[in-house]
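# Understanding the architecture of this molecule
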Amino acid sequence: QQTLKPLHVAIVPTPGLGHLIPLIELAKRLVVHHNFAVTFIIPNDGSSITPQKKVLEAVNLQSISSTFLPPVDLDDLPKDAHIVARIILTMTRSLSALRDSLKVLNESTRVVALIADVLGSDAFDVATECNVAPYLFWSSNAMALSFGFYLPSLDETTSGAYQDMLEPVQLPGCVPLHGRDFLDPVHDRNNQGYKATLSVSKKFKLAYGIMVNSFMDLEPEIFKALKEAQVSQGFPAVYPVGPMIKPSSTRKSDGEHECLSWLDSQPRGSVLFVAFGSGGTHSLEQTKELALGLEMSGQRFLWVVRSPNETTKIGTYFSSNAQQKDALSFLPDGFLERTKGVGLAVSSWAPQIQVLSHESTGGFLTHCGWNSALESIVNGVPLIAWPLYAEQPTNAVLLADDIKIAWRVKMNDKGIVEGKDIAKYARGLIEGDEGRLLRNKMKELKEAAKVALSQQGSSTKSLAEVAEILKGHK
Ligand code: UDP
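Report on the accompanying structure. (Residues numbered from 1 in each chain as written. Predicted model: local features only at pLDDT ≥ 70, side-chain atom pairs only at ≥ 80, totals over all residues. Heavy atoms only, no water.)

### Some thoughts on the overall build of the protein
A count of helical and extended segments in the protein gives 17 helices and 13 strands. A compact globule built from 474 residues should have a C-alpha radius of gyration of about 23 Å, and the protein, at 22 Å, falls within 12% of that. Counting the 474 residues in the protein, one finds 57% classified as buried. Across the protein, contacts joining residues at least 24 apart in sequence account for 74% of those joining residues at least 6 apart. Per element, the accessible surface of the protein, about 20300 Å² overall, is 52% carbon and sulfur. Computed over 46 positive and 50 negative side-chain charges, the separation of the two mean positions in the protein equals 4 Å. (Helix = DSSP H or I, 4+ residues; strand = E, 2+ residues; numbered from the N terminus. Rg over C-alpha atoms; globule rule 2.2 N^0.38 Å. Buried < 20%, exposed > 50% of the residue type's maximum accessible area, 1.4 Å probe, protein only. Contact = heavy atoms within 4.5 Å. Areas by Shrake-Rupley, 256 points an atom, 1.4 Å probe, with all protein chains shown as cover. Lys, Arg positive; Asp, Glu negative; His and termini not counted. Charge placed at Lys NZ, Arg CZ, Asp CG, Glu CD.)

Written out as structure tokens, the structure is:
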């Protein structure tokens, strides 16, 4: 009987729904297509586990279970510690609980692999100790992964702030990347966020393989360069297995959101969707400029408005945006009345995947979170790229300069994107020649994404290859 039991995979996500959601999609495929059982072992930084529990419960597959590790104490962290330091330390301080959990699981079943996510490579040591093969799931793109691979050598061979480097870095297979577009935790070499990022990057090499939430036709040159680096520099094998995004639920399943019926009454491809991910916020001044720009553009828009925040652009990463009821009260006087009929502003949250798959949506002004980028690609919606934090500036370079499906915003000397420019981008994307070019390229990629995930597609084959290797670890 023992031999008929499915082999087990442990998945260890770091805090934040943006990491968990694609990992759930990975788990579903491992279970449904490759007959594994999966247990999520989830470290906790002390914030509510309700949002994570909710998305896990919705999976409803017997072979997927989850266990939450006890919350860690982060009270000793300085107030200005980078969020990435918080996330990585959550993992580091959970290692002993993770070890216990993995041992218990290993006693009742055969765990063949532990899959950690982008910021969780500290878990590799525990995996190796428990005789479990360590893997990484990279929830972002291949360009950001390349940066991670080369960060340790950049650290050794350069000095000073990366933002001040005069020349861009030329990562193999990638378009040039300026220091100012490096992921934000590495901007200040003295911050804990930098040290933590560098330390997890150094461990990437220990992975037996790295699955990437991207696909071959999206970043062909970069995947090719990563393959070469595997041979020439001993980097781990890299497997493009995406796009893995949350499937679109039926409209009524979570209660119909008002914006969907509003979209129903708009002309095809006419609406600019404006949203900044699960955590993105702006200052009051920037919120007002954005309002001004959307109004000046005369374009139809659907805007997910957040309460302004003067100190950070990551307003609500760990908490729920549903708590922000009053975001619309920060909009300029008379804005809602003047734009009535043309635009709709909603507070804090909209069902993004349903919005992007709606035929009235013609463009997306996005913060370039990688889930958002993939969700646009599978729906063929062209982008205005307005990166805020994390690896979003690198994503913006990839989307605008390499793949050419986004128009990147420019900031003035004060770091503000001005209203008149926002109006130009909105008009250009929805009605102009700029938008036409980006839309055509997007349509090609929408098809390519579909093909990659089809039965004989590159991502399907790539995941099957990983699955076979995992079975070999038995
Ligand atoms: N999202 C949503 N409604 C919103 C804002 C975000 O449904 O109003 C979802 C979006 O569809 C995506 C995720 O939240 O799946 C955001 O992930 P992403 O990687 O784009 O950005 P992050 O939140 O990690 O910055």
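Once the structure has been displayed, the description carries forward.
### Quick notes on the side chain of Thr-394
Among the structural elements, Thr-394 can be located in helix α14 (residues 392-402). Judged by relative accessible area, Thr-394 falls into the buried class, the value being 2%. A polar contact of 2.7 Å, which involves the side chain of Thr-394, links it to the backbone oxygen of Asp-181. Once you skip the residues sitting within four places of it in the chain, Thr-394 turns out to touch Met-143, Ala-144, Leu-177, Asp-181, Phe-182 and Leu-183. (Polar contact = N/O pair within 3.5 Å; in protein donor to acceptor, adjacent residues only side chain to side chain.)

### Topic: the pattern of salt bridges
Considering all chains together, one arrives at 19 salt bridges under this definition. Between Asp-421 and Lys-420 there is a salt bridge, and its shortest N-O distance comes to 3.9 Å. With its nearest N and O atoms 4.0 Å apart, the salt bridge here joins Lys-471 to Glu-468. Note that Lys-471 and Glu-468 are positioned in helix α17 (residues 458-472) at a spacing of three residues, about one turn of the helix. For Glu-468, a relative accessible area of 52% translates into the label exposed. A single salt-bridge network, built from bridges that share partners, covers Glu-418, Lys-420, Asp-421 and Lys-424. (Salt bridge = Lys/Arg side-chain N within 4 Å of Asp/Glu carboxyl O.)

### Some points on the sheet that holds strand β2 (residues 37-44)
Strand order in the open sheet made by the seven strands is β3-β2-β1-β4-β5-β6-β7, with parallel pairing throughout. The outermost strands of the open sheet, each flanked by one partner alone, are β3 (64-71) and β7 (237-240). Direction aside, neighbouring strands of the sheet carry axes that sit 25 degrees apart on average. Pairing geometry for β2 and β3, over six bridges, is parallel. Paired with Val-38 across the two strands is Ile-64, which belongs to β3. In the packing of helix α4 (residues 95-108) onto the sheet, contacts are made with β1 (8-12), β2, β3 and β4 (111-117), and the angle to β3 comes to roughly 150 degrees. (Pairing = 2+ DSSP bridges. Axes fitted to C-alpha atoms, helices over the stretch in contact; angles between N-to-C directions.)

### Considering the site of the ligand
Not every one of the 14 residues close to the ligand is listed here, only the nearest: Ser-278, Ala-350, His-367, Ser-372 and Glu-375. Ser-372 places a polar side-chain atom, nitrogen or oxygen, 2.5 Å from an oxygen atom of the ligand. In the environment of the ligand, an oxygen atom lies 2.6 Å from a nitrogen or oxygen atom belonging to the side chain of Glu-375. For the ligand, the accessible surface in isolation is 540 Å², of which the surrounding protein chains cover 90%. If you tally residues by element for the shell around the ligand, the top one is helix α13 (residues 370-379), at four residues. (Near = heavy atom within 4 Å.)

### With respect to the sheet that holds strand β10 (residues 343-347)
Pairing within the open sheet is parallel, and its six strands lie in the order β10-β9-β8-β11-β12-β13. The outermost strands of the open sheet, each flanked by one partner alone, are β10 and β13 (406-408). The mean inter-strand angle of the sheet, taken between neighbouring strand axes irrespective of direction, is 20 degrees. Sheet analysis places strand β12 (residues 383-385) next to β13, joined by three bridges and oriented parallel. What sits directly across from Leu-383, in β13, is Ala-406. Seen against the sheet, helix α10 (residues 284-297) touches β8 (271-275), β9 (300-305) and β11 (361-366) and runs at an angle of roughly 165 degrees to β9.

### Topic: the packing of helix α6 (residues 142-157) against helix α7 (residues 192-203)
Think of two packed helices as two axes; the pair is described by the angle between the axes and how far apart they sit. Running from amino to carboxyl end, α6 crosses α7 at an angle of 115 degrees, the nearest separation of the two axes being 8 Å. Read as a crossing pair, α6 and α7 show a hand that is left-handed. On α7, the residues that touch Gly-148, Leu-151, Pro-152 and Asp-155 of α6 are Tyr-194, Thr-197, Leu-198, Ser-201 and Lys-202. Taken together, the residues that form the contact of α6 with α7 break down as four nonpolar, three polar and two charged. (Left-handed = near helix turned anticlockwise from the far one by under 90°. Nonpolar A, V, L, I, M, F, W, Y, C, P; charged D, E, K, R; others polar.)

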